[in-house]
Every structure is written in C-alpha cells, then in structure tokens.
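Here is how the chains run, residue by residue.
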Amino acid sequence: MCSYGHGCEIEDALHFLKILGGFGKRVCRALCYHIGAMDVSLKFNHGAYVMYSGLQKKPKKLPCLRSSEAPESEEMASAVSVKEEQKIPLLQSLRDSITAAEEEEEEEILPSSSPFNHHQPPPQAEDQCKPGPTPPNQRLVSLDVFRGLTVALMILVDDAGGAFPLINHSPWFGVTLADFVMPFFLFSVGVSVGLVFKKVPNKTTATKKVIVRTIKLFLLGLVLQGGYFHGRNDLTYGVDIDKLRWLGVLQRISIGYFLAAMSEIWLISNTVVDSSVAFVKKYFVEWIVAILLSSLYIGLLYGLYVPSWEFDIPSNGTQMVHCGVRGSLGPPCNAVGLVDRFFLGERHLYQRPVYKRTKECSVNSPDYGPLPANYPGWCLAPFDPEGILSSLMAAVTCFIGLHYGHIIVNFKSHMQRILLWSTSSLPLLLIGYIMELLANHCTH
C-alpha cells in the first residue's frame, strides 16, 4: 500500500476504479474524504481519474465545491478538499460516505481551472464556504386554496342557482354570490402572472409563450362553449359559422391574461424594491395602463350615442328596439351591446342573456320563465355578457391581482403585506361606491 509521503500518487488504483464506472467515481470521492493529513485533488485526465496529493497544512475552512464556476470544457479538473480523519472505523466510514455520495449529482465535484497540488497555495478567503443555492420555487398554497374555493363556488351557483335565485346571477342591476366567480378567477390570474414573471431573462421568449398560451385558451373557449352546431336530425349537421359565438368565459380570461402578462414583461422597470417609493417607481406604468382601460370603458359607456336598432327573430321577422339615448345602463340601449353588435354581429352574441330573468321579461323573475303579457321587444334580443368592451374592463381585475402579486413578491413580512393590501383595497372600495352613486344619479 502506498504510504502517505510527499508526492505519493495512487493512479494505478484509480485506473481500476475507472473500470468500475460511476461506482468507481463514488468510491474515489469517498476515499478523498477519508485519506486525511493532506490535500487531495481529483482530475479527469484522458479517460482516467488521477489523484494528486501532497503534504501541506490544511486551511481552517474547507473550500466550497461550487458547480456554478464549472468551465464548459469536456476535460475539466475537479477539486475536492479533504476533511479531518474521523475517529470511526475506516470501512464503516467509507461505506457511509459512498451511500451519501450516491445521492449527489455529478456536478457536486467542483470543477476548477487546474487541480490543487502540493505546489499550490490553499484557497483564499473569498472561495470559502458560502450559502448554497436556494431551493426551487414552491407553489403559493393560499392561491391554490383560493382557486379551489372559487371552483367550489362556481359549482354551487351553477347547480343550486336555479333552486335558490338569491345566489344565482343578478338579472341585471345588483350583485349576488354568483357574480363574484368571474372576478375571482381573473384576480387569481393576475396574482399568478405577478409570480410567474417576477424575473424575465428573455422578454422575446416570454412574449412568445404568452401569445401561444392566449391563443390556446381562446380556441379552447370556442370549442367548449358550443352553441354553433346544427341539430342532429338536420341534414346540415355540423359547425354553423353564422352562429359561432366568438367571446365567452375562457376568451375573457385569455384577454385579461394577455394584457396583464404583456404589461408585466415590457412595462416594469429594473428598479430594486427596497422601500415603498421604489415599489411605486417599479410598477407605476402598469397602474397607468389599468387607469386608462377603466377610463376608456367609462368614457365609452357614458359617451357613446346608441341609436335605435333592430334584430332578427327566427320565424317571426324583425324587431325594432327604440333607443336614441346616450349613457343608458339598461339592457336594450347600453354602449356595451352597441360595440358588440357593431364588431361581432348579433348572430354571434349570446342568445339567452341574463336579462331575460328581469321582471319585464319573466313572470318567474328573478328566474327564467314565460314572457309577461306586455313584454318589451328587447326581451328576445341577444346580448353577450362577455363582450368586447366589458372584457377590457374585466382585464382591470387582472391588473388588481397583478398588484397583489407584486406585494407578495417584494414584501416578505405578513403584517406589511396585509397593510399594503388593505391600503390598496379601501380606495378601490370607495371608488366603487362613488361610481354607483354617479350611475344612480345619471339614470334618474
């Protein structure tokens, strides 16, 4: 057996370990841990593992084995520092070391530009042990719970809404439990965007992924929502393009996701968030976008002039709806329906709108039912609750979720998060009440 003298090499033994393959490498690593009394370096040289050793004083701290400093060359030198000889039987210690080594990846043997030998000085202080890499990102459990509760709420209102109209969607004015489902989904989308795109190394690649995901979600909505098939007993059974409903629930989510993700990728600055002022500087452009979207919606809703219009009733001719107003929020003459009819066409809108459960259109209001005796003609008109203009406003809900996600990313204290969430929610609540008062004033 080779003695631990100056310049001793055990290359022959390591050639044997090479024959053993990966197991030999683990044995070699364990040997390096237990040789003791000298510094040992391991190098892969022309297909053989060669160990260099020499008598020198060990440093006080063992150098870290950092795989991030590895050169990308095929013939890389790997340096392994030696720790003190343990006062336990060598065979048992060696067996334990091999077992531990099997759980490590190959990159844990630190590559360096050249192996340490007895002519080289020990590593400097800056190469001493540093904290290892952070664990991989974990899911935000609270967001998953929120999504699960939202899905449960959706199932509840869909199944029990007919039996309990109080939890079903509001026929028009007002809000019920079912009306919170879509905003909750959009809010969770915004939070997720803030977490996913907190670091964007390549904006072009991220943009392509967002576009592809948006298209997939939009097309999935077209397929799942149906409403464009002929009857099975019809000779023209198949897809009816004339009745294809272009917008829907998943399409609205895709629009909100696209706008929020694009702003997160391209509009935020590189400011380091170390205070509340820096937080505002980093994300204030996204807030401006959300304000502009809200202003656009409100301006068109109250500013567009809605003329009288007509629609086709199957097997009953056409029906005229008399409007000629501006700023109306009622079912027949609002600007939201005007924009959808102009860009999408009445055939491509939802044919069973929720306002058919109003008192003017149903004897069983707030549920669906037969038409009253003197019902207005617009009760039979189509209207899309997920239309163009309303989807732009719904995207603002994604931006609100995006803001809450930013707070999660940049502030780690729970009390600080709660304080910032509260200070953000109260102004939104006040603005909502103000808008409601203005709407009631305008309608009366």
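Please refer to the structure placed before this passage.
Here we summarise the structure given alongside this text. Note that the structure is predicted; figures quoted are calculated from it, not measured.

1. Some thoughts on the overall build of the chain
Across its full length, the chain holds 11 helices and eight strands. Burial analysis of the chain (444 residues in total) assigns 38% to the buried set. Taking the intrachain contacts of the chain between residues at least 6 apart in sequence as the baseline, contacts between residues at least 24 apart amount to 65%. In the form shown here, the chain has an accessible surface area of approximately 26800 Å², with 63% of it arising from carbon and sulfur atoms.

2. Points about the environment of Pro171
Positionally, Pro171 belongs in the loop between α4 (141-160) and α5 (181-196). Counting along the chain gives 188 residues from Pro171 to Lys359, while the straight-line C-alpha distance between them is 8.9 Å. Non-local contacts of Pro171, meaning those with residues more than four positions away in its chain, are made with Val354, Tyr355, Arg357, Thr358 and Pro366.

3. Thoughts on the pairing of strand β6 (residues 309-313)
Residues Trp309, Phe311 and Ile313 line the buried face of β6, whereas the alternating positions Glu310 and Asp312 sit on a face that is not buried. Counting the residues between successive antiparallel strands, the hairpin from β6 to strand β7 (residues 317-321) contains three residues, one of them, Ser315, with a positive phi of roughly 60°.

4. A look at unusual backbone geometry
For the bond from Ser365 to Pro366, the omega torsion is 15°, close enough to zero to count as cis. In this fold, Pro366 is placed in the loop between α9 (335-343) and α10 (388-410).

5. Details of the state of the cysteines
Considering all chains together, one arrives at two disulfides under this definition. Across a sulfur-sulfur distance of 2.0 Å, Cys323 and Cys333 are joined as a disulfide pair. Taking the torsion about the S-S bond as the criterion, the Cys323 to Cys333 disulfide, at about -85°, is left-handed. One end of the pair, Cys323, is in the loop between β7 and β8 (325-326); the other, Cys333, is in the loop between β8 and α9, and 10 residues separate them in sequence. In terms of burial, Cys323 and Cys333 fall into one category: buried. Put simply, Cys361 and Cys379 are joined by a disulfide, and their sulfur atoms are 1.9 Å apart. For the disulfide bridge between Cys361 and Cys379, the dihedral angle about the S-S bond is near -80°, and by the sign convention the bridge is left-handed. Here Cys361 is found in the loop between α9 and α10, whereas its partner Cys379 is found in the loop between α9 and α10, with 18 residues between them in sequence.

6. Re the side chain of Asn168
Along the polypeptide, Asn168 turns up in the loop between α4 and α5. Take Asn168: its relative accessible area is 14%, and that puts it in the buried class. If sequence neighbours within four positions are ignored, Asn168 has contacts with Gly161, Gly162, Thr176, Ala178 and Arg357.

7. Side note on the nonpolar core
Core analysis: the biggest nonpolar cluster contains 20 residues, and Val193, Phe197, Val210 and Tyr257 have the highest contact counts within it. When residues of this core are traced back to their parent elements, those giving at least two are α5, α6 (203-225), α7 (249-266), α8 (276-303) and α10. It is α7 that contributes the most residues to this core, six residues altogether. Not counting chain neighbours up to four residues away, the residues in contact with Phe197 comprise Ala206, Val210, Tyr257, Ala261, Glu264 and Ile265.

8. Overview of the packing of α7 against α10
For any two helices packed against each other, the geometry comes down to the angle between their axes and how far apart the axes lie. Running from amino to carboxyl end, α7 crosses α10 at an angle of 50°, the nearest separation of the two axes being 8 Å. The angle between α7 and α10 falls in the class oblique. The two elements α7 and α10 meet at a crossing, and its hand is right-handed. Contacts between α7 and α10 involve Arg252, Ile255, Gly256, Tyr257, Leu259, Ala260, Ser263 and Glu264 from the first element and Ser390, Ser391, Leu392, Ala394, Ala395, Cys398, Phe399, Leu402 and His406 from the second. Looking at the contact of α7 with α10 residue by residue, the class counts come to 10 nonpolar, five polar and two charged.

9. Quick word on the pattern of salt bridges
Applying the stated criterion across every chain yields a total of four salt bridges. When the shortest N-O distance is used, the salt bridge between Glu386 and Arg245 registers 2.6 Å. With Glu386 in the loop between α9 and α10 and Arg245 in the loop between α6 and α7, this pair connects stretches of sequence that are 141 residues apart. Of the two residues, Glu386 and Arg245, neither departs from the other in class, the shared state being buried. By sharing partners, the salt bridges in this structure join Arg139, Asp144 and Arg147 into a single network.

10. Remarks on the environment of Gln251
Positionally, Gln251 belongs in helix α7. Under the relative-accessibility criterion, Gln251 is labelled buried at 0%. Once the C-alpha coordinates of Gln251 and Phe218 are considered, the two residues, 33 residues apart in sequence, prove to be 4.7 Å apart. With residues near it in sequence (within four places) discarded, Gln251 still touches Phe218, Gly221, Leu222, Gln225, Arg245 and Trp246.

What counts and what doesn't
Residues numbered from 1 in each chain as written. Predicted model: local features only at pLDDT ≥ 70, side-chain atom pairs only at ≥ 80, totals over all residues. Heavy atoms only, no water. Helix = DSSP H or I, 4+ residues; strand = E, 2+ residues; numbered from the N terminus. Buried < 20%, exposed > 50% of the residue type's maximum accessible area, 1.4 Å probe, protein only. Contact = heavy atoms within 4.5 Å. Areas by Shrake-Rupley, 256 points an atom, 1.4 Å probe, with all protein chains shown as cover. Pairing = 2+ DSSP bridges. Disulfide = S-S within 2.5 Å. Core = buried A, V, L, I, M, F, W, Y, C linked by side-chain atoms within 4.5 Å. Axes fitted to C-alpha atoms, helices over the stretch in contact; angles between N-to-C directions. Parallel < 35°, antiparallel > 145°, perpendicular 65-115°, else oblique. Left-handed = near helix turned anticlockwise from the far one by under 90°. Nonpolar A, V, L, I, M, F, W, Y, C, P; charged D, E, K, R; others polar. Salt bridge = Lys/Arg side-chain N within 4 Å of Asp/Glu carboxyl O.

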